[in-house]
Number of protein chains: 2
Amino acid sequence: MLTHCMAVISGAWAANVIWSLRAGPRRFNELRTDIPPISAKVLSSRLTELEQRGVLSRNVRPTSPPSVEYALTDLGGELVPALEAIVEVGHRLKKRDDG
Amino acid sequence: MLTHCMAVISGAWAANVIWSLRAGPRRFNELRTDIPPISAKVLSSRLTELEQRGVLSRNVRPTSPPSVEYALTDLGGELVPALEAIVEVGHRLKKRDDG
DNA sequence: CGGCATCCTAGGGGATACTG
DNA sequence: CAGTATCCCCTAGGATGCCG
């Protein structure tokens, strides 16, 4: 159960993608820039996966050159506070380690 | 940054361990029972890792047979609401898939 | 620009067996 | 009971190259 739910944000970079989209829609290459060490392949798979799960939406705009925008869905947006909470605790855990 | 924080709960079963401890302290074999498909080796590594990060505490009680209790630290406990939020969204995502 | 297909590698994780 | 040691395997993910 938990495991199934966690699957949504596990897999490398899934959380980063959501994180990167929390301020608004982003295009494919913008996401690549946001998350430097990610490879195109993985970003692509992650995006597909997250779209299928209903976490984000994909919007192709018929411009030239073509442009594709990714944005969090309502449900996807609800993941943001959870991630923020984790980051918050992560910070404190780190400070504890360092100090 | 996010990545580093996420590392705390990523790695197979870390989230499950925290989840399993949210109601109170548990012993090694109780955790194994709680999370059936986990192997002793992995549970052991995860426990060690989480202890070092300060997420949980390990308390050896000199009984016979020996017993070891694991419990969430204060910081570890703060992860629980985050996990609950994720589970909540996970549920809704699933219902959306099914429905 | 966006994004598959291919190939390849590292290491996280499973099974089993053994110890204190 | 609570682990540790060993071995093996699987697959998520990186690199590269090509296509619409």
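Quick caveat: nothing in here was measured; it's all calculated off a predicted structure.

About the thresholds
Residues numbered from 1 in each chain as written. Chains lettered and ligands numbered in written order. Predicted model: local features only at pLDDT ≥ 70, side-chain atom pairs only at ≥ 80, totals over all residues. Heavy atoms only, no water. Core = buried A, V, L, I, M, F, W, Y, C linked by side-chain atoms within 4.5 Å. Buried < 20%, exposed > 50% of the residue type's maximum accessible area, 1.4 Å probe, protein only. Helix = DSSP H or I, 4+ residues; strand = E, 2+ residues; numbered from the N terminus. Contact = heavy atoms within 4.5 Å. Pairing = 2+ DSSP bridges. Axes fitted to C-alpha atoms, helices over the stretch in contact; angles between N-to-C directions.

**Here we look at the nonpolar core**
If you look at the biggest cluster of nonpolar residues, it comprises 60 residues, and the most contacted ones within it are Ile9(A) and Ile9(B). Looking at this core, the element that brings in the most residues is helix α5 (residues 74-98) of chain A, giving 9 residues. Sequence-distant contacts of Ile9(B), that is, excluding residues within four places in its chain, are made with Met6(A), Ile86(A), Ala14(B), Ala15(B), Ile18(B), Leu79(B) and Leu83(B).

**Observations regarding the sheet that holds strand β2 (residues 56-61) of chain B**
All names here are of chain B. A sheet is described by the order of its strands in space; here 3 strands give the open sequence β1-β3-β2, paired in antiparallel fashion. The sheet is open, and its two edges are formed by β1 (26-27) and β2, each paired on a single side. When β1 meets strand β3 (residues 67-72), the two strands line up antiparallel, connected through 2 bridges. Bridging from a neighbouring strand, Arg26 pairs with Tyr70 of β3. Across the sheet, helix α2 (residues 14-21) touches β1, β2 and β3, and the angle it forms with β3 is around 95°.

Without other data, these values stay purely geometric and don't point to any function.
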